[in-house]
Amino acid sequence: LNLLTSVMTGRGLKPGAQRDDPPNSRLFVVTSRSITEDELRDRFSDFGDIQGVWVVKDKQTKESKGIAYVKFARSSQACLAMEEMHGKVLMDGTKPIKVFIAQSRSSATHRDVEDEQLTRIFVMIPKSFSEEDLKNTFKEYGDIEYCVIIKNKFTGESKGLGYVRYYKPSEAALAIELCDKAYRAILAEPRTKASSTEEYKSSPTDPGIPVPSTADPGSFPVVDYRSGDFTRCLMMSTRAGLTQEQIFALFDIIPGMEYCELQRDSYGMSKGHALIRYSNLGSAVYAKEKLNGFEYPPGNRLVVNFIDDGEDRRMATQFVAAQMMAAVWNGPSTSQVSFSSVSTVPRIQTDVNLPPLKKLAPPDSKAKERLFVVFSPSPLPPDVLEDVFCRFGSLIEVHLVPGRKVGYMKYADKQCADEAMAALHGRVVNGVKMKVMLADPPREESHKRPRTY
DNA sequence: CGACGGGACGC
DNA sequence: CGACGGGACGC
């Protein structure tokens, strides 16, 4: 009964975020001071289920301040009302009203919520989806301005994530409300500060602090090569207008460069960054350490980061190669570096008599069995785990739980998984003891994520 | 003792 | 410019 009362009057709601539940379902309306709540309710009720109307009034005089809030049950309703009512004259002789999606109460700012932030959604899609597939899937909710699938920049392979830009906020809201939950559609964050993850994974080095070009030969930077953030590919950013040839010459100082390309826009102008790939991880690690923060030309600091090239992480242990290079490195004059010693470093040290490597099962294989692995004292790198756990056949993938000392091994074949467990439980690999058990079935319910409509 | 649930584009 | 009230459940 109380719930019903709250819904009908818009009162009795708990303070804070509850009032904007679901998100973007409340309107901020700038009106003439003579407009009443009843008039607003009357004019806005065509667009959806109104849960409350409130005209802000002066504490003393009780006069309207010309501001009102209209709460709808759904974001799509609020958006539709905004689209239809913004600019309307509610009463002769008064100014046209302004209608915006209200900022959440907790929001610090009072800037208007832009349509820009309300028309683009972010979805999870099958890797096999083309942009055309994406468009066809989401066009039923409204006209689409464009669709983009996030792809690996090197292989072109889809990352299973996409953006859909609608023309109207109500369309994006409808898509989020109505599309299959498997797409996990949410409003996209505005694309300004160049994404989170890729940058997040990159150098913790403060770019404001110049790094001397010549590191002391004996010491090697402390980096956690187990984090899986290292690949052979680097991204170099520069503010100065460097040429392809300059960049090539710079990164070619480190042996093993096999690809170097200055990125250009459609007019052939430099975009201020270049992609560089080395033949091995050690070279890439070393190049990053040497050239990130390097001033070239003097006064222009280069920024060099790893980028995910989507390759497997099998070569991660070649990290040791970087340390060896550091040891033998004598500066740019030394152009030949022997890697012979590197190849003799054994990848895996274990008390297990390991079968030979076997191919992985296709990534889309159905998991028939999962192993739960506990590491002590710390988890092994994923590439080492893949190397070890693939040898019993049918391994689909290794999954480490971030921040924990446990992981899951997915197998396409039960027998293979059981053999791996029998062979590896209680054993030690590279000094890490492993418990290998059957994993509990994944818990089914997982719709905990708050939805953004 | 040790449990999974996700997510981001590059002017 | 134009941004946040009224009222007071029941573990």
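In this text, all values refer to a predicted model and were calculated from it rather than measured experimentally.

Caption draft 1: Expanded view of the environment of V384. If you trace the backbone, V384 turns up in helix α11 (residues 382-389). Judged by relative accessible area, which is 1%, V384 ranks as buried. With 37 residues separating them in the primary sequence, V384 and R347 have C-alpha atoms 7.7 Å apart.

Caption draft 2: The sheet that holds strand β10 (residues 257-264), seen in detail. Within the open sheet, the four strands sit side by side as β10-β11-β9-β12. Their pairing is antiparallel. At either margin of the open sheet sits one strand with a lone partner, and together these are β10 and β12 (303-306). Across the sheet, the mean angle from the axis of one strand to that of its neighbour is 20°, orientation sign disregarded. Of the pairings in the sheet, the one linking β10 to strand β11 (residues 270-278) comprises six bridges and is antiparallel in character. The residue bridging C260 from the neighbouring strand is I276, located in β11. Strands β9 (233-237), β11 and β12 of the sheet are contacted by helix α8 (residues 281-291), whose axis makes an angle of about 155° with β12.

Caption draft 3: Main features of the side chain of N280. The topology assignment puts N280 in the loop between β11 and α8. Judged by relative accessible area, N280 falls into the buried class, the value being 8%. Within the structure, the side chain of N280 is placed 3.2 Å from the side chain of S279, a separation counted as a polar contact. Polar contacts involving the side chain of N280 include one to the main-chain amide nitrogen of G282, which spans 3.1 Å.

Caption draft 4: Examining the sheet that holds strand β2 (residues 50-57) more closely. Spatial ordering of the open sheet is given by β2-β3-β1-β4, a layout of four strands whose pairing is antiparallel. Edge positions in the sheet fall to β2 and β4 (98-101), since each has one partner strand and no second. Averaged over neighbouring strand pairs, the angle between their axes works out to 20° when direction is ignored. Sheet topology note: the strand β1 (residues 26-30)/β4 ladder contains four bridges and is antiparallel. Residue pairing in the sheet places L27 in a bridge with I101 of β4. With respect to the sheet, helix α2 (residues 37-44) is in contact with β1, β2, β3 (64-72) and β4, its orientation differing from that of β2 by roughly 140°.

Caption draft 5: Spatial organisation of the nonpolar core. Among the nonpolar cores identified, the biggest contains 43 residues, and L27, F44, F72, I121, L134, F138 and Y166 are the most heavily contacted of them. Per-domain counts for this core show at least three residues from each of domain 1 (4-101) and domain 2 (116-215). For Y166, the contacting residues outside a window of four places in its chain are T119, I121, F138, Y141, G142, D143, I144, E145, E171, A172 and A175. F375, V384, M409 and M421 belong to the second largest nonpolar core, which has 26 residues in total.

Caption draft 6: Focus on helix α12 (residues 414-424). Among all positions in α12, only C416, A417, A420, M421 and L424 are buried. The arc that holds every buried residue of α12, seen down its axis, measures 135°, which confines them to one face. Turned more than 90 degrees from where α12 packs its buried face, Q415 and A422 sit exposed. Those residues of α12 that are buried are in contact with β13 (369-376), α11, β15 (406-411) and β17 (432-438). Residue D413 occupies the N-cap position of α12, its side-chain oxygen lying 2.9 Å from the main-chain nitrogen of Q415. Immediately beyond the C-terminal end of α12, within one or two residues, lies G426, with a positive phi of roughly 80°.

Caption draft 7: Focus on helix α5 (residues 169-178). In terms of burial, α5 is a largely internal element, eight of the ten residues being buried. Of all the residues in α5, the buried ones are P169, S170, E171, A172, A173, A175, I176 and E177. Here the buried face of α5 lies against α3 (75-85), β5 (120-124), α4 (131-138), β7 (158-166) and β8 (186-187).

Caption draft 8: Spatial organisation of unusual backbone geometry. Cis rather than trans, the peptide bond between D21 and P22 has omega equal to -5°. With respect to the helices, strands and loops of the structure, P22 is situated in the loop between α1 (2-9) and β1. With an omega of 5°, the peptide bond between S376 and P377 qualifies as cis. With respect to the helices and strands, P377 occurs in the loop between β13 and α11. Phi is positive for R184, close to 50°, though the residue is something other than glycine. Mapped onto the elements, R184 comes out in the loop between α5 and β8. The backbone of S394 sits at a positive phi, close to 65°, despite the residue not being glycine. Counting through the fold element by element, S394 comes out in the loop between α11 and β14 (395-400).

Caption draft 9: The arrangement of the environment of K288 in detail. With respect to the helices and strands, K288 occurs in helix α8. In this structure K288 comes out as buried when scored by relative accessible area, which is 6%. Along the sequence, K288 and F306 sit 18 residues apart, while their C-alpha atoms lie 7.6 Å from each other.

Caption draft 10: Layout of the packing of aromatic side chains. Under the definition given, this model contains seven aromatic pairs. Measuring from centroid to centroid gives 6.4 Å for F129 and Y183, while their planes differ by 45°, and the two rings are tilted. With F129 in the loop between β5 and α4 and Y183 in the loop between α5 and β8, this pair connects stretches of sequence that are 54 residues apart. Side by side, F129 and Y183 carry an identical accessibility label, which is buried. Feature note: the residues F129, F138, Y141 and Y183 constitute an aromatic cluster, connected by ring pairs. Directly above the aromatic system of Y163 lies the positively charged group of R120, at a separation of 4.1 Å from the ring centroid.

Each value, and the rule that gives it
- Just so you know, the residues in each chain are numbered from 1, in the order the chain's sequence is written.
- Naming scheme: in the order in which they are written, chains are lettered from A and ligands are numbered from 1.
- For a predicted model such as this one, the threshold for reporting local features is a pLDDT of at least 70, and the threshold for listing and counting side-chain atom pairs is 80 or more; totals across whole chains, interfaces and linings nevertheless cover every residue.
- Hydrogens and water are ignored here; the side-chain numbers use all heavy atoms of the structure.
- Helix numbers and strand numbers start at the N terminus; a helix is a DSSP run of H or I with at least 4 residues, a strand a run of E with at least 2.
- Relative accessible area decides the class of each residue, using a 1.4 Å probe on protein chains only: under 20% of the type maximum gives buried, over 50% gives exposed, and in between gives partly exposed.
- Note: two strands are recorded as paired if DSSP finds a minimum of 2 bridges between them.
- The axes used here are C-alpha line fits, helices contributing only the stretch in contact, and every angle between their N-to-C directions lies in the interval 0 to 180 degrees.
- What makes two residues a contact is simply this: any of their non-hydrogen atoms within 4.5 Å.
- N or O atoms within 3.5 Å of each other form a polar contact, as long as, within protein, one can give a hydrogen and the other can take it, and as long as residues adjacent in sequence are counted only when both atoms are side-chain atoms.
- Remark: nonpolar core denotes a set of buried residues (Ala, Val, Leu, Ile, Met, Phe, Trp, Tyr, Cys) joined through side-chain atoms within 4.5 Å.
- Each domain's limits were defined by an automated method or a database of domain assignments.
- Arc, as used here, means the arc of the directions from the helix axis to the C-beta atoms.
- Within 6.5 Å between ring centres, the rings of Phe, Tyr and Trp (the latter by its six-membered ring) count as paired, and their orientation is classed by plane angle as stacked under 30 degrees, edge-to-face over 60, tilted in between.
- We call a charge positioned over a ring when the NZ of a Lys or the CZ of an Arg lies within 6 Å of the ring centre and within 35 degrees of the ring normal.

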